[in-house]
Amino acid sequence: MTNKEIAVLFLKTVGMGAVDKGFSAFVSADFIHHNQYFKGDRQSLIDAMKQDHQNNPNQAITPQQVLADKDKVVVHSLVEKADMQIAVVHIFRFSGDKIVELWDLGQVIEENSPNQNGLF
């Protein structure tokens, strides 16, 4: 698999609730992340993803754009929850075929946005 394919499969796997499976298959043991709401270590993000899935599960994750350059992959996705849709950008850094670093940014999609172009 390419790093682009791994990034998308990882997002779909963990995003739909199979967090342990996604991390064990695709993420390095020394993984770090940059989400400002949690400690930057692997286990803290695993725990947060499991809690989010339990409290407010995703209904779908649909990548809209996937870009790759050297050891980085960027995935721009539509995340659908029961009460909202979110445009999310994940930036992955790979070492070999494992994810070693992750950045993520999200924006709730407003129903009445004046921008006719949308977020995708």
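Structure: see above.
Just so you know, these numbers come straight off a predicted model, no measurement behind them.

Please explain the packing of helix H2 (residues 19–26) against helix H3 (residues 42–55) as it appears in this structure.
Helix packing for two helices is described by the angle between their axes and how far apart those axes are. Between H2 and H3, the shortest axis-to-axis distance is 10 Å and the interhelical angle comes to 150°. Classed by the angle they form, the pair H2 and H3 counts as roughly antiparallel. Across from Val19, Asp20, Phe23 and Ser24 in H2, the residues of H3 making contact are Arg42, Leu45, Ile46, Met49 and Lys50. Tallied by class, residues from the contact of H2 with H3 come to five nonpolar, one polar and three charged.

What is the right way to look at the environment of Asp30 in this model?
Relative to the elements of secondary structure, Asp30 occurs in strand S1 (residues 27–33). In the structure, Asp30 is positioned 79 residues away from Ile109 in sequence and 33 Å away in space, judged by C-alpha atoms. Within the structure, Asp30 has its side chain in polar contact with the side chain of Ser28 (distance 2.2 Å).

Is there a simple way to explain the packing of helix H1 (residues 3–15) against H2 in this structure?
Where H1 meets H2, the axes come as close as 7 Å, and the angle between the chain directions of the two elements is 160°. By the angle class used here, H1 and H2 are roughly antiparallel. Seen along the crossing, H1 lies across H2 with a hand that is left-handed. Where H1 abuts H2, its residues Ile6, Leu9, Phe10, Thr13 and Val14 lie against Val19, Lys21, Gly22, Phe23 and Phe26. Among the residues making up the contact of H1 with H2, the classes are represented as seven nonpolar, two polar and one charged.

Here is what the cut-offs are and how they apply
- Residues numbered from 1 in each chain as written.
- Predicted model: local features only at pLDDT ≥ 70, side-chain atom pairs only at ≥ 80, totals over all residues.
- Heavy atoms only, no water.
- Axes fitted to C-alpha atoms, helices over the stretch in contact; angles between N-to-C directions.
- Helix = DSSP H or I, 4+ residues; strand = E, 2+ residues; numbered from the N terminus.
- Parallel < 35°, antiparallel > 145°, perpendicular 65-115°, else oblique.
- Contact = heavy atoms within 4.5 Å.
- Nonpolar A, V, L, I, M, F, W, Y, C, P; charged D, E, K, R; others polar.
- Polar contact = N/O pair within 3.5 Å; in protein donor to acceptor, adjacent residues only side chain to side chain.
- Left-handed = near helix turned anticlockwise from the far one by under 90°.

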